[in-house]
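Examining the three-dimensional arrangement
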Amino acid sequence: MRLAQSSTATALAAAAAVSAASSSYDTCCARLAAALGDDIVTTTPFAETDYFSIQESSLVPACIVRPRSAQHVSKAVTILTTSRVPGCQFAVKGGGHTPAGGSANIQGGVTIDMKFLNATVLSEDKTSVAVGAGAVWNDVYGYLGDFNLAAAGGRNGGVGVGGLLLGGGISHFSPRVGWACDTVVEYEIVLANGTLVTVSGTSYPDLYRALKGGGNNFGVVTRYTLTAFPQGNMSVNTISYDVSQIGAVFDAFTDIAASPNFDPYVSLQTDLLYVPAAKAWSVTSSASYTKPVLHPEVFSGLEAVPSISNTSEITAVAALAAENPTPPLNWLFATLTFGTSSETMLGIFNALNGSLYDFNPAGGVTWSFAFEPLPSVMLSHSAATGGNVLGLEPEDGNGVILLVVHALTIYLPMGLTLTPTVLLVSALWPNSSSNDSVYRKGRDTFAAIKAVAERKGMLRKFEYLNYAGPHQAPLASYGTDNLDYLRKVSKKYDPTGVFQRKVPGGFKLW
Ligand SMILES: Cc1cc2nc3c(=O)[nH]c(=O)nc-3n(C[C@H](O)[C@H](O)[C@H](O)COP(=O)(O)OP(=O)(O)OC[C@H]3O[C@@H](n4cnc5c(N)ncnc54)[C@H](O)[C@@H]3O)c2cc1C
């Protein structure tokens, strides 16, 4: 994805802040440029627009490092971590899709942008694929599709391989192969002291497990080797409903998600969209099936609910993942997990409606809520592949559901009328003045829906890191044993906590 240029005013203000930054960054950047060359290190501050959110693209680092090899990454990390110059904090950018500001970018610091490390190479026996950590999922699906293969990754092709795999990774194929991180055979990673190591089930096995959910707390991954599996075309049904059908849609969703024989070819998401300016809710189910079968029986309940539209197609994985360019927007993510229950979903909807109905900040906001099954069949794969640290077991029960809350602040010229359909493609007025009120409303609304799930006895502790908001603590949600384990592994490979102190972005262990 390429985002349009962020506003000149924002960039100039940020650049002015950079010019006042301490000279320690000038020294770090000069050392990096001397060691790696001007074609790898850009020392003229500028706003990188290649991020999903305005909160990220409006940050201006003192310099940007764009390594072309793992050795470049190793050199950069060595300079940044062993340099006696104080400060020199840095950020690591994969596909740039985490919305929270400072996750993969850093105001006045050093950003290592992995985007040129994006090679994909299939093994001779065609059972695995080595993927540069700066690739996005489009790169992987396009490449593997030519061999009638796929790997487990983001459903949206603009998402980065780098970040998705470190946080877990929900893919269309997850019921068949597990979390995307469960399919990583090998990591090539630069550790805090600059050494480049290969990590697998037999080499650094403790780090191997920690990387499966531990985020960016252990090093800079330069390459992932992923299991590749046969995959042809798949089908997708997109069904839109009037909000009056919401109870029936939740019932049909729950029948699928709660089934003790969850069909492993199912990839389902039910989305609610709310536009306060129009006081309009819309309800859509994206019902994908990872076989080329139109209208599979498993979706008959969802299709039986009276709909506004129902389209279906057989498509290649790469074509389905191809992401439409998104205009610059402010985004807020948050997530919670709860046991499968149509009644809880309805309670959550009522709480959302109560909280958001009249909230319409200057410039407008759109809210989006995605329900996804987290079936126990998906959780059953990790044990066979070295385990992960997410703290979820198949015995926890089938049909746990993730609720993703996205708030996207959309600025519309005054007087423009809205329908939910045009909303995401409308011309925008990128002005961040409503951020604070949206954040506040987001936190209040989140607390309200969490309370609903708790009251109904359905709340689960797990908060999925890749969907979590800045106010959440996903690593702690893995449970005390897993958190202690992650801290122990971090102390072993990064005793001074470089990836916490010097890399402030992302969810931290300390
Ligand atoms: C439109 C959209 C669709 C999405 N779809 C899915 C989906 O289908 N399934 C799913 O599970 N999630 C999905 N997500 C969530 C996504 O997994 C997370 O946002 C993820 O962190 C994005 O990874 P990235 O590399 O693009 O992000 P970045 O923002 O670049 O990185 C995310 C974090 O990972 C760290 N990081 C990245 N690369 C490296 C590296 N090589 N070494 C060390 N640290 C690194 C960064 O420092 C940062 O903290 C989606 C998000 C969006 C915005």
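Residues numbered from 1 in each chain as written. Predicted model: local features only at pLDDT ≥ 70, side-chain atom pairs only at ≥ 80, totals over all residues. Heavy atoms only, no water.

Turning to the packing of helix α12 (residues 342-356) against helix α15 (residues 435-455), a few remarks are in order. Running from N to C, α12 and α15 point in directions that differ by 150 degrees, and their axes come no closer than 9 Å. If you check the angle between α12 and α15, you find them roughly antiparallel. The crossing of α12 and α15 is right-handed. Contacts between α12 and α15 involve T344, G347, I348, A351, L352, S355 and L356 from the first element and K441, T445, A448, I449, V452 and A453 from the second. (Axes fitted to C-alpha atoms, helices over the stretch in contact; angles between N-to-C directions. Helix = DSSP H or I, 4+ residues; strand = E, 2+ residues; numbered from the N terminus. Parallel < 35°, antiparallel > 145°, perpendicular 65-115°, else oblique. Left-handed = near helix turned anticlockwise from the far one by under 90°. Contact = heavy atoms within 4.5 Å.)

Moving on: unusual backbone geometry. If you check the backbone angles, N148 has positive phi at about 55 degrees while not being a glycine. On the secondary structure map, N148 appears in the loop between α5 (137-145) and β7 (149-150). N148 gets classed as exposed once you look at its relative accessible area, which sits at 52%. Although it is not a glycine, H295 sits at a positive phi angle of roughly 50 degrees. Residue placement: H295 occurs in the loop between β14 (280-289) and α10 (300-304). (Buried < 20%, exposed > 50% of the residue type's maximum accessible area, 1.4 Å probe, protein only.)

This brings us to the state of the cysteines. The full count for this structure, using the stated rule, is two disulfides. Disulfide pairing places C28 opposite C88 at an S-S distance of 1.3 Å. Here the disulfide of C28 and C88 is right-handed, its torsion about the S-S bond being about 90 degrees. Taken together, the residues C28 in helix α2 (residues 23-36) and C88 in the loop between α4 (70-82) and β3 (90-93) connect sequence positions 60 residues apart. Classification of C28 by relative accessible area gives buried; the value is 1%. Disulfide pairing places C29 opposite C63 at an S-S distance of 2.1 Å. The disulfide joining C29 to C63 has a torsion of about -85 degrees about its S-S bond and is therefore left-handed. You can see C29 sitting in helix α2 and its partner C63 sitting in strand β2 (residues 63-65), a full 34 residues away along the chain. Residue C29 shares its accessibility class with C63, and that shared class is buried. Among the cysteines of the protein that take part in disulfides, numbered as they appear in the sequence, the pairing is 1-4, 2-3. (Disulfide = S-S within 2.5 Å.)

For α5, the complete set of buried residues consists of W137, V140, Y141 and L144. Along the axis of α5, the buried positions cluster into a sector of 90 degrees, meaning they face one direction only. For α5, the secondary structure elements touched by its buried residues are β5 (120-122), β6 (128-132), β7, α6 (161-167), β10 (220-227) and α11 (317-321). (Arc of directions from axis to C-beta.)

Attention now moves to the site of the ligand. As a structural note, the neighbourhood of the ligand is formed by 31 residues, with V92, G94, G96, I170 and Y464 the closest of them. Between the ligand and G96 there is a distance of 2.7 Å, counted from an oxygen atom to a backbone nitrogen or oxygen. Here an oxygen atom of the ligand and a backbone polar atom of I170 are 2.8 Å apart. Those elements that place two or more of their residues in the shell around the ligand are β3, α6 and β10. Broken down by element, the residue count for the shell around the ligand peaks at four residues, all from α6. Looking at side-chain class alone, the shell around the ligand contains 13 nonpolar, 16 polar and two charged residues. (Near = heavy atom within 4 Å. Polar contact = N/O pair within 3.5 Å; in protein donor to acceptor, adjacent residues only side chain to side chain. Nonpolar A, V, L, I, M, F, W, Y, C, P; charged D, E, K, R; others polar.)

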